[in-house]
Amino acid sequence: MRRFRAARLMNIHEYQAKILFDQFSVPSPRGMVAGTSEEAAAAAAGLGGDRVVVKAQVHAGGRGKGTFKNGFQGGVHLVSPGEVAGIAGRMIGEVLVTKQTGEEGKLVRKVMVGEAVDVRHEYYLAILMDRAACCPVIVASTEGGMDIEEVAEKNPGKILREHVHPLMGLQPYEVRKVTVGLGFKGDEARQFGKLLGNLYRLFLECDCSMVEINPLVGTTDGRILALDAKFNFDDNALYRHPEIVEFRDVEEEDPLEVEASRHSLNYIGLDGNIACLVNGAGLAMATMDIIKHHGGEPANFLDVGGGASQEQVAAAFKIILSDKAVKGILVNIFGGIMDCDVIANGVVAACKEVGLPIPLVVRLEGNNVAAGKATLTASGLNIIAADDLADAAEKAVAAISD
Amino acid sequence: MAILVEEDTKVLVQGITGSFGGRHAELSLDYGTQIVAGVTPGKGGQTFEHGEYKVPVFDTVEQAVRETGATVSAVFVPPAFAGDAILESADVGVDLVVAITEGIPVRDMMKVRAAMTGSGVRLVGPNCPGIVTPGRSEDSQGGCRIGIAPGYIHKRGRVGIVSRSGTLTYEAVWQTTQRGYGQSTCVGIGGDPINGTTHLDALRLFNDDEETEAIIMIGEIGGAAEEEAAAWASEHCNKPVAAFIAGATAPPGRRMGHAGAIISGGKGTAQAKKEALRAAGITVAETPAQIGSALMEATGWE
């Protein structure tokens, strides 16, 4: 699996999650981010105590059990303040491989140095948008620290769900239900109730599609803390959250996907060798499917949208061609409103600029299709014309098999 | 008959003075659709002109409906203001709001949907190609086209089409037009996780529509709406249904263009949906190129 690691939805680092938690008064262990060994040592000294945790900051889970390419074991270490500089030095600037990063791993640029806490019990707490119910749902469990899907499967009775009315918002009785359901009493119940209220406010105000705390811990000294968190944000709402957009770390993302997003193209790299360029998300998915159906493997999802310009099509072509695994290209356009000739001109311009080293199959249908086909023919480029979608997929698969 | 809109349905366009809304208002006018009013706050009193057509622009939906008798609103307003625009039309009490706008925040739609519950106003979309009830003239001219679909690919006929995706809908429309079956009405319900009219809602409407003889349902990965529709169809639908589900090759955890098209926690895969549909007696096309032939199989048509 080459590129499936990061979720498409924007991710943030653990230290950035802590910034949001602090802002909304969701308690989490004290900690600071460090980009060098010296900063890490200073952070540890600032925290005090005889033990601290040093955590590599990458957008991937499984850090604790990961291995650095320099042979160093583990992306999370519990150490004395004196050891912090040495440990941080073996992480920063090194590549960490975990079960979620794929074998190429991720470069660690920063570490977080945090307070070590003594855990009494691990809980699970998440708020996410439930599309079926069309409202937020709180999901909580006393079985934290592990994969919640596994808990849901093996022990469904251990999962609490509380739907929140979209217009009423979180009600005190709902907070009490979850608090009692998790078995919190006395001061812990009071702390948890406040935490849940603040977390709900964060979820809404930051337009999260999910915020997941796993684990949420009760400590031996009587505190309730968010120990690790995962955030997903609604891409559609990022325009009203410049502060969250600032958190975006393009170094963590696929460079081709970053380049595509600069041109407002919707591109996701996959493992195959037949690239596709399609207008419309549904048709783009369906084009991937039909390539597979005819025995090929799609190299990407690429939706140029309903109103793509010649420049965007050219940019899309360059992105496709920079994936060295690609052995053939299938362009599938149903030009409803979009002019097929615009697509054809974009294809020709891109091919003339970057060259066309591999087979290109084009299926054009719809608006101004005759002009589009004429443009492709007149270009003198070696383009394989297809009559319909099935014909296009067959020709693309055949072209790379030759 | 058709569903939701007829040839003579009067339509107002929210956002008619914007470039996107304006261009599609022109295409709808060319198609023969009764675009009777535009609404853009601050531009009331202006006239939207296209060839011989002169469409009055109002500041509010309330004024537009009062002056023109429009019963359906098409929303082309930018995402940040679209939720408000939908609510404005719902408040006036039009029959139907068709939200074309792509990129409305989920939190906004969650509130809009909750506010519209029980209002009796139907919402189609957002992030959808809209609705077409084809006309009976050449190239289906004279029909009611609300949204962004190309009019000329349609042909008035006997198939009802419901889909989450735009261009994939056109693919199904084209295949049914080429085979001569034509369409009663085509409804694009949109690719967002929270939307108005669902696959199930559309199936019910088509099932009750005399002109519709068979139904094509196009779905995609994510959510469970197609499964719910299939479960209903197996019990209640007395018309043949053919379907296609896009996204069999989509990897889990990656959002495939549409905000709703994401496989999470192993749920919403294409395979699971296809199995649920087949179990409900629906003929499922393996590829988008086979939508037309799946329909022939489901109906026995030649």
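**Student:** So what about the domain arrangement of chain B? Which residues, and what values?
**Tutor:** Residue and element names in this part refer to chain B. We note that the domain assignment places domain 1 (10–124) and domain 2 (155–299) within chain B. One C-alpha centre belongs to domain 1, the other to domain 2, and the line joining them spans 27 Å. The interface of domain 1 with domain 2 comprises eight residues on the first partner and 11 residues on the second. Taken together, both faces of the contact between domain 1 and domain 2 bury some 780 Å²; the carbon and sulfur share is 58%. Considering only the surface of domain 1 that becomes buried against domain 2, Arg113, Arg122 and Val124 emerge as the three largest contributors, covering 54% of it.

**Student:** Outline the packing of aromatic side chains, listing residues and values.
**Tutor:** As enumerated under the stated definition, the model contains 10 aromatic pairs over all chains in all. Three or more aromatic residues joined by ring pairs make a cluster, and in this case those are Phe21(A), Phe231(A) and Phe233(A). The ring centre of Trp301(B) lies 3.9 Å from the NZ or CZ of Arg158(B), which sits over that ring.

**Student:** Describe in detail the nonpolar core, supporting the description with residues and values.
**Tutor:** Soluble globular proteins: nonpolar side chains tend toward being buried together. Residues Val98(B), Met217(B) and Met256(B) are the most contacted members of the largest nonpolar core, which totals 96 residues. Here this core gets eight residues from one element, more than from any other, and that element is helix 9 (residues 281–293) of chain A. When residues of this core are assigned to domains, at least three fall in each of domain 1 (10–124) and domain 2 (155–299) of chain B. Filtering out sequence-adjacent residues up to four positions away, Met256(B) remains in contact with Ile268(A), Ala281(A), Met285(A), Met288(A), Phe301(A), Ile221(B), Ala250(B), Pro251(B) and Ala261(B). By size, the runner-up hydrophobic cluster in this structure holds 59 residues, among which are Val211(A), Ile224(A), Met109(B) and Met116(B).

**Student:** Residues and numbers for the pattern of salt bridges, please.
**Tutor:** Residue and element names in this part refer to chain A. Inspection of every chain in the model, using the stated rule, returns 38 salt bridges over all chains. In this structure, the salt-bridge partner of Arg223 is Glu115, at a minimum N-O distance of 2.8 Å. Of the two residues, Arg223 sits in the loop between strand 11 (208–219) and strand 12 (224–226) while Glu115 sits in strand 7 (residues 111–115), which places them 108 residues apart along the sequence. Of the residues examined, Glu115 reaches a relative accessible area of 14% and is grouped as buried.

**Student:** Just give me the short version of unusual backbone geometry, but keep the residues and values in it.
**Tutor:** Following Asn214(A), the chain continues into Pro215(A) via a peptide bond in cis, with omega recorded as 10°. Its location among the elements puts Pro215(A) in strand 11. In this model, Gly125(B) is joined to Pro126(B) through a cis peptide bond whose omega is 10°. Mapped onto the elements of the fold, Pro126(B) is located in the loop between strand 7 (122–124) and strand 8 (130–133). Phi angles above zero are rare outside glycine, and Ser264(A) is one such case at about 55°. Of note, Ser264(A) is situated in the loop between helix 8 (255–262) and strand 14 (266–269). Exposure remark for Ser264(A): the relative accessible area of 59% places this residue in the exposed category.

**Student:** Summarise helix 3 (residues 79–92) of chain B; cite the residues concerned and give the values.
**Tutor:** Residues and elements named next belong to chain B. The terminal C-alpha atoms of helix 3 lie 21 Å apart, and with 14 residues this matches the ideal 20 Å at 1.5 Å per residue to within 8%. Restricting attention to buried positions, one finds in helix 3 the residues Ala82, Gly83, Ala85, Ile86, Ser89 and Ala90. Each buried residue of helix 3 lies within a common arc of 165° when the element is viewed along its axis, so the set occupies one face. The exposed set on the far side of helix 3, more than 90 degrees from its buried face, consists of Phe81, Asp84 and Asp91. Looking at the buried residues of helix 3, the elements they touch are strand 1 (10–14), helix 2 (61–68), strand 5 (72–75), strand 6 (96–99), helix 4 (106–116) and strand 7. One or two residues past the end of helix 3 sits Gly93, with phi positive at roughly 90°.

**Student:** Summarise the environment of Ile221(B); cite the residues concerned and give the values.
**Tutor:** Checked against the element boundaries, Ile221(B) lands in the loop between strand 12 (214–220) and helix 7 (225–236). Separated by 87 residues in sequence, Ile221(B) and Pro134(B) have C-alpha atoms that sit 29 Å apart.

**Student:** So what's going on with the interface of chain B and chain A? Which residues, and what values?
**Tutor:** Facing the 58 residues of chain B at the interface are 52 residues of chain A. Three residues stand out in chain B for area buried against chain A, namely Arg107(B), Arg254(B) and Arg255(B), and they jointly supply 17% of the buried area on that side. Inspection of the chain B/chain A interface yields five salt bridges. A salt bridge links Asp235(A) to Arg255(B); the shortest N-O distance between them is 3.5 Å.

**Student:** Can you break down the packing of helix 10 (residues 310–321) of chain A against helix 11 (residues 340–354) of chain A residue by residue, with the values?
**Tutor:** Residues and elements named next belong to chain A. Direction vectors running N to C along helix 10 and helix 11 enclose 45°, while the axes themselves pass 8 Å from each other. Between helix 10 and helix 11, the angle is such that the two are oblique. You can see that helix 10 and helix 11 cross each other, and the crossing is right-handed. Taking contact as the criterion, the partners of Gln310, Val313, Ala314, Phe317, Lys318 and Leu321 in helix 10 are, on helix 11, Val342, Ile343, Asn345, Gly346, Val347, Ala349, Ala350, Cys351, Glu353 and Val354.

Parameters and conventions
- Residues numbered from 1 in each chain as written.
- Chains lettered and ligands numbered in written order.
- Predicted model: local features only at pLDDT ≥ 70, side-chain atom pairs only at ≥ 80, totals over all residues.
- Heavy atoms only, no water.
- Domains from an automatic or database assignment.
- Contact = heavy atoms within 4.5 Å.
- Buried area = accessible area lost by both parts, 1.4 Å probe.
- Phe/Tyr/Trp six-rings, centres within 6.5 Å; stacked < 30°, edge-to-face > 60°.
- Lys NZ or Arg CZ within 6 Å of the ring centre and 35° of its normal.
- Core = buried A, V, L, I, M, F, W, Y, C linked by side-chain atoms within 4.5 Å.
- Buried < 20%, exposed > 50% of the residue type's maximum accessible area, 1.4 Å probe, protein only.
- Helix = DSSP H or I, 4+ residues; strand = E, 2+ residues; numbered from the N terminus.
- Salt bridge = Lys/Arg side-chain N within 4 Å of Asp/Glu carboxyl O.
- Expected span 1.5 Å × (residues − 1).
- Arc of directions from axis to C-beta.
- Axes fitted to C-alpha atoms, helices over the stretch in contact; angles between N-to-C directions.
- Parallel < 35°, antiparallel > 145°, perpendicular 65-115°, else oblique.
- Left-handed = near helix turned anticlockwise from the far one by under 90°.

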